[in-house]
Amino acid sequence: GENVEQHPSTLSVQEGDSAVIKCTYSDSASNYFPWYKQELGKRPQLIIDIRSNVGEKKDQRIAVTLNKTAKHFSLHITETQPEDSAVYFCAAPTQGGSEKLVFGKGTKLTVNP
Amino acid sequence: NAGVMQNPRHLVRRRGQEARLRCSPMKGHSHVYWYRQLPEEGLKFMVYLQKENIIDESGMPKERFSAEFPKEGPSILRIQQVVRGDSAAYFCASSPGRHGGELFFGEGSRLTVL
């Protein structure tokens, strides 16, 4: 089955700096890589996703890059703001019929004003 | 279009009691997933269901836990004879279909076992 590793587990940056979170996955057949943001006490919400036919995708201050050869993908947040503080999860699907999403353990991002 | 609806939002049970958590997927979604989140931890897959079928229950403990998604009504996650270690947030998510797409999460049900 799929195994997703996420680093770092905690990340603290100053407002305006960039933040990068990295994930690796094990199943070379995985073809969809979402990132979810979870604020304290709230539900996880999708912030960006990428499919395996592209290498990079941007949405304003957020971007995701994918390296299929190395089996890793990264979340980049530029010009961070205090409201970016949250826990971020990467995920990848298993294959072989179930197609559930397997999540990384999360990165707690703190943006200091 | 209402999102994924979970209830109850908070549930307190004493050891040995039963907990029933309900999830109504988004309109038009036929795939339901249950995840468990322990404090300060990630989302652990429990079970994946379609209407009247359990597709993958590889994340479900072998005893005390069961799930269903009947033809009519919400999906239900049932925990019998709860223990303190069952205290967690249980999130339901739904999707419209297969082939790797976005999961839409509910607000979660937070179970506390005294």
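Residues numbered from 1 in each chain as written. Chains lettered and ligands numbered in written order. Predicted model: local features only at pLDDT ≥ 70, side-chain atom pairs only at ≥ 80, totals over all residues. Heavy atoms only, no water.

What follows concerns the pattern of salt bridges. Tallying each qualifying case throughout the model produces eight salt bridges over all chains. A salt bridge links Glu107 of chain B to Arg43 of chain A; the nearest nitrogen and oxygen atoms lie 3.2 Å apart. Here the residue Glu107 of chain B occupies a position in the loop between strand S10 (104–105) and strand S11 (109–113), and Arg43 of chain A occupies one in the loop between strand S4 (32–38) and strand S5 (45–51), the pair thus bridging two chains. On the accessibility criterion, Arg43 of chain A (26% relative accessible area) is partly exposed. In this structure, Asp49 of chain A engages Lys57 of chain A in a salt bridge whose closest nitrogen and oxygen atoms are separated by 3.0 Å. The exposure class assigned to Lys57 of chain A is partly exposed, which follows from its relative accessible area of 36%. (Salt bridge = Lys/Arg side-chain N within 4 Å of Asp/Glu carboxyl O. Helix = DSSP H or I, 4+ residues; strand = E, 2+ residues; numbered from the N terminus. Buried < 20%, exposed > 50% of the residue type's maximum accessible area, 1.4 Å probe, protein only.)

Moving on, we get to the sheet that holds strand S1 (residues 4–7) of chain A. All names here are of chain A. Taken in spatial order, the five strands line up as S1-S3-S8-S7-S6 in an open sheet, and their pairing is antiparallel. Among the strands making up the open sheet, the edge pair consists of S1 and strand S6 (56–59). The average undirected angle you get between the axes of adjacent strands in this sheet is 15°. (Pairing = 2+ DSSP bridges. Axes fitted to C-alpha atoms, helices over the stretch in contact; angles between N-to-C directions.)

What follows deals with the environment of Glu107 of chain B. Since its relative accessible area comes to 27%, Glu107 of chain B is described here as partly exposed. Taking C-alpha positions, Glu107 of chain B is 7.8 Å from Val4 of chain B, a pair spaced 103 residues apart along the chain. Setting aside anything within four residues of it in sequence, one finds Glu107 of chain B in contact with Lys42 and Arg43 of chain A together with Gln6, Arg9 and Phe91 of chain B. At a separation of 3.2 Å, a polar atom in the side chain of Glu107 of chain B contacts the side chain of Arg43 of chain A. (Contact = heavy atoms within 4.5 Å. Polar contact = N/O pair within 3.5 Å; in protein donor to acceptor, adjacent residues only side chain to side chain.)

Contacts between the two partners involve 18 residues from chain A and, on the opposite side, 21 residues from chain B. Together, Arg43, Glu99 and Lys100 of chain A form the three largest contributors to the area buried by chain A at its contact with chain B, with a combined 29%. Connecting chain A to chain B are two salt bridges. Along the contact surface separating chain A from chain B lie eight residue pairs in polar contact (both at pLDDT 80 or more). (Buried area = accessible area lost by both parts, 1.4 Å probe.)

Turning next to the packing of aromatic side chains. Taken as a whole, this structure holds 13 aromatic pairs over all chains when the rule is applied. Consider the rings of Phe103 of chain A and Tyr35 of chain B, whose centres lie 5.3 Å apart with planes at 90°: the pair is edge-to-face. Here the residue Phe103 of chain A occupies a position in strand S10 (residues 101–103), and Tyr35 of chain B occupies one in strand S4 (residues 31–37), the pair thus bridging two chains. Taking relative accessible area as the criterion, Tyr35 of chain B reaches 0% and is therefore assigned buried. Put simply, the rings of Tyr36, Phe89 and Phe103 of chain A together with Tyr35, Phe45, Phe91 and Phe105 of chain B touch in pairs and so form one group of aromatic residues. (Phe/Tyr/Trp six-rings, centres within 6.5 Å; stacked < 30°, edge-to-face > 60°.)

Another point: the pairing of strand S8 (residues 72–77) of chain A. Residue and element names in this part refer to chain A. Relative to S8, strand S3 (residues 19–25) is paired through six bridges, and the arrangement is antiparallel. In the sheet register, Thr24 faces S8, and the bridge partner there is His72. Pairing geometry for strand S7 (residues 62–67) and S8, over six bridges, is antiparallel. Across the sheet, the residue bridging to Ala63 is His76, located in S8.

Sizing a probe to match a water molecule and rolling it over the atoms shows the empty space that remains. The computed volume of the largest pocket comes to approximately 630 Å³. Leu40 and Val87 of chain A together with Gln37, Glu40 and Glu41 of chain B are the residues nearest the centre of the largest pocket, which is lined by 25 residues in total. For the lining of the largest pocket, the secondary structure elements donating two or more residues are strand S9 (86–93) and strand S11 (107–112) of chain A together with strand S9 (88–95) of chain B. Ranked by residue count, the leading element in the lining of the largest pocket is S11 of chain A, at four residues. Counted by class, the lining of the largest pocket contains nine nonpolar, nine polar and seven charged residues. (1 Å grid on protein atoms, 1.4 Å probe; cavity = no way out; pocket = protein on both sides within 12 Å on 5 of 7 lines; lining within 4 Å. Points joined across faces, edges and corners; volume = space filled by probe spheres on them. Nonpolar A, V, L, I, M, F, W, Y, C, P; charged D, E, K, R; others polar.)

Residues and elements named next belong to chain A. Its location among the elements puts Asp27 in the loop between S3 and S4. Each C-alpha atom, one on Asp27 and one on Glu2, is 5.3 Å from the other, the two residues being 25 residues apart in sequence. Of the polar contacts made by the side chain of Asp27, one reaches the backbone nitrogen of Ala29; its length is 2.9 Å.

Moving on, we get to the pairing of S11 of chain A. All names here are of chain A. Only one face of S11 is covered, namely the one carrying Thr107, Leu109 and Val111; the face carrying Lys108, Thr110 and Asn112 has none of its residues buried. Pairing geometry for strand S2 (residues 10–14) and S11, over five bridges, is parallel. In the sheet register, Ser12 faces S11, and the bridge partner there is Thr110. Sheet topology places S9 next to S11; three bridges connect them, and they run antiparallel. Directly across from Val87, in S11, lies its bridge partner Lys108.

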